[in-house]
Amino acid sequence: GRRDEITLPAAIGLWPQSNRRKNQRQAVCEARQWEPFVSGKLLREAPEVAQEAVAVWRTGHARHTNTSASRRAPIVAQYPGRNSTTTASSTINRRLALLKAVCKHAWKQGLIRENLSGRISLLREDNKREVYLTRAEVMRLAKLSPSPSIGGAIILAAFTGLRASELLALRGVGTRAATLTVAKSKTGKPRVVPVPPSARSYLSALPLELSYWQLHKGFCAAREAAGMPHVTFHDLRHTCASWLINAGVDLYTVGKILGHSGPATTARYAHLSTATLEQAMRRLK
């Protein structure tokens, strides 16, 4: 009879047991991002908690209001150094999507009277990121990595276009393997990814035996050492696409290799394809 008194931490704890996300480990990691904000909160306070968290993630500072809660120490004070960084909108939206899913699940289970997911809004994203590395830059990142596993992950990501989650899920295959099998991709469908001969020696790094955060931390160390602080691990996937297109591979094939759900996703690289065609036409005398 006290449906609306369930706590937010309890609701988040129940959700992973029933959700069907392809990457369960990533879902747990995203759930942990809410720990500083949900302590002592009820599920019905989720929209307000979401606003508070977004304010911290976007600015790096806790947002102050006229409530008594504002007289407490800022949330970022619990995490030294976080007030100097901000979080990308796409990352925030993944965390908000998790909280929305928690609210919807709790409502379906009859734990709360109202479906609060509609009161949690996602941010507008600008995904037009165009950072493409040269082979020399990729090799430099790998060389300056803190461990062979991180270096191998960087090379394989750039030469196969695999996502970080897909790399982390791979098992050992040996250095003579010509392909890698992704059992569960972002689209939910398995796919086979060819491995170029120049990258096969790095297959010895598999399995990586790293968590997502260990991979992220190691990559950040490599990019700082290489003087490329603006580069993200996902840029390696875009780099693979740019290499393929510049080598004359058509967009349909690129989409198949990267495991895109449809041509609309691959269309973001259309301008690279056009540039390659223009370069080819300049050869006509």
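Below is a summary of the structure that appears in this document. Being a predicted model, the structure only gives us computed values, none of them experimental. (Residues numbered from 1 in each chain as written. Predicted model: local features only at pLDDT ≥ 70, side-chain atom pairs only at ≥ 80, totals over all residues. Heavy atoms only, no water.)

1. Some points on the overall build of the chain
Regarding its fold elements, the chain presents 13 helices and 2 strands. Residues classed as buried in the chain amount to 42% of the 285 residues present. Intrachain contacts of the chain at a sequence separation of at least 6 include 66% that bridge at least 24 residues. Counting every atom, the chain has about 16,300 Å² of accessible surface; 52% of that belongs to carbon and sulfur. (Helix = DSSP H or I, 4+ residues; strand = E, 2+ residues; numbered from the N terminus. Buried < 20%, exposed > 50% of the residue type's maximum accessible area, 1.4 Å probe, protein only. Contact = heavy atoms within 4.5 Å. Areas by Shrake-Rupley, 256 points an atom, 1.4 Å probe, with all protein chains shown as cover.)

2. Considerations on the pattern of salt bridges
Tallied over the full model, the rule gives 5 salt bridges. The salt bridge partner of Arg44 is Glu5, with a shortest N-O separation of 3.9 Å. In this pair, Arg44 sits in the loop between helix H3 (35–38) and helix H4 (46–59) while Glu5 sits in the segment before helix H1 (8–14), placing the two residues 39 residues apart along the sequence. By relative accessible area, Glu5 is classed as partly exposed at 34%. Ionic pairing is found between Glu166 and Arg191, a salt bridge with its closest N-O pair at 2.9 Å. (Salt bridge = Lys/Arg side-chain N within 4 Å of Asp/Glu carboxyl O.)

3. Section: the nonpolar core
Across soluble globular proteins, nonpolar side chains show a tendency to be buried alongside one another. Formed by 39 residues in total, the largest nonpolar core has its most connected members in Ile154, Phe233 and Leu236. When contributions to this core are tallied by element, the ones reaching two or more residues are helix H6 (135–143), helix H7 (148–160), helix H8 (164–169), strand S1 (179–182), helix H9 (212–225) and helix H10 (235–246). Per-element tally for this core: the top contributor is H7, with 8 residues. With near-sequence residues (within four places) excluded, Leu236 lies in contact with Leu133, Val138, Ile154, Ala157, Ala158 and Phe219. Of all hydrophobic cores here, the second largest spans 29 residues; its members include Ile6, Ala27, Ala53 and Ile112. (Core = buried A, V, L, I, M, F, W, Y, C linked by side-chain atoms within 4.5 Å.)

4. Things to note about H6
When H6 is considered as a whole, its buried residues turn out to be Val138, Leu141 and Ala142. Projection of H6 onto a plane perpendicular to its axis shows the buried side chains occupying an angular sector of 100 degrees, all on one side. Exposed residues lying more than 90 degrees from the buried face of H6 are Ala136 and Lys143. Those residues of H6 that are buried are in contact with H7, H9 and H10. (Arc of directions from axis to C-beta.)

5. Overview of helix H5 (residues 89–108)
In this model H5 runs 28 Å from its N-terminal to its C-terminal C-alpha over 20 residues, within 8% of the 28 Å that 1.5 Å per residue would give. A positive backbone phi angle near 75 degrees is found at Gly110, which sits one or two residues after H5. (Expected span 1.5 Å × (residues − 1).)

6. Digging into the pairing of S1
A one-sided burial pattern is seen for S1, the buried positions being Leu180 and Val182 and the unburied ones Thr179 and Thr181. Alignment of S1 against strand S2 (residues 191–194), held across 4 bridges, turns out to be antiparallel. Across the sheet, the residue bridging to Thr179 is Pro194, located in S2. (Pairing = 2+ DSSP bridges.)

7. Topic: the packing of aromatic side chains
Enumeration over the complete set of coordinates arrives at 6 aromatic pairs. Centroid distance Phe37 to Trp57: 5.3 Å. Interplanar angle 80 degrees. Geometry classified as edge-to-face. Within this pair, whereas Phe37 is found in helix H3, its partner Trp57 is found in helix H4, the two being separated by 20 residues in sequence. Taken as a pair, Phe37 and Trp57 share a single burial class, namely buried. Plain terms: the ring middles of Phe159 and Trp243 are 5.0 Å apart, the flat faces sit at 65 degrees to each other, and that makes the pair edge-to-face. (Phe/Tyr/Trp six-rings, centres within 6.5 Å; stacked < 30°, edge-to-face > 60°.)

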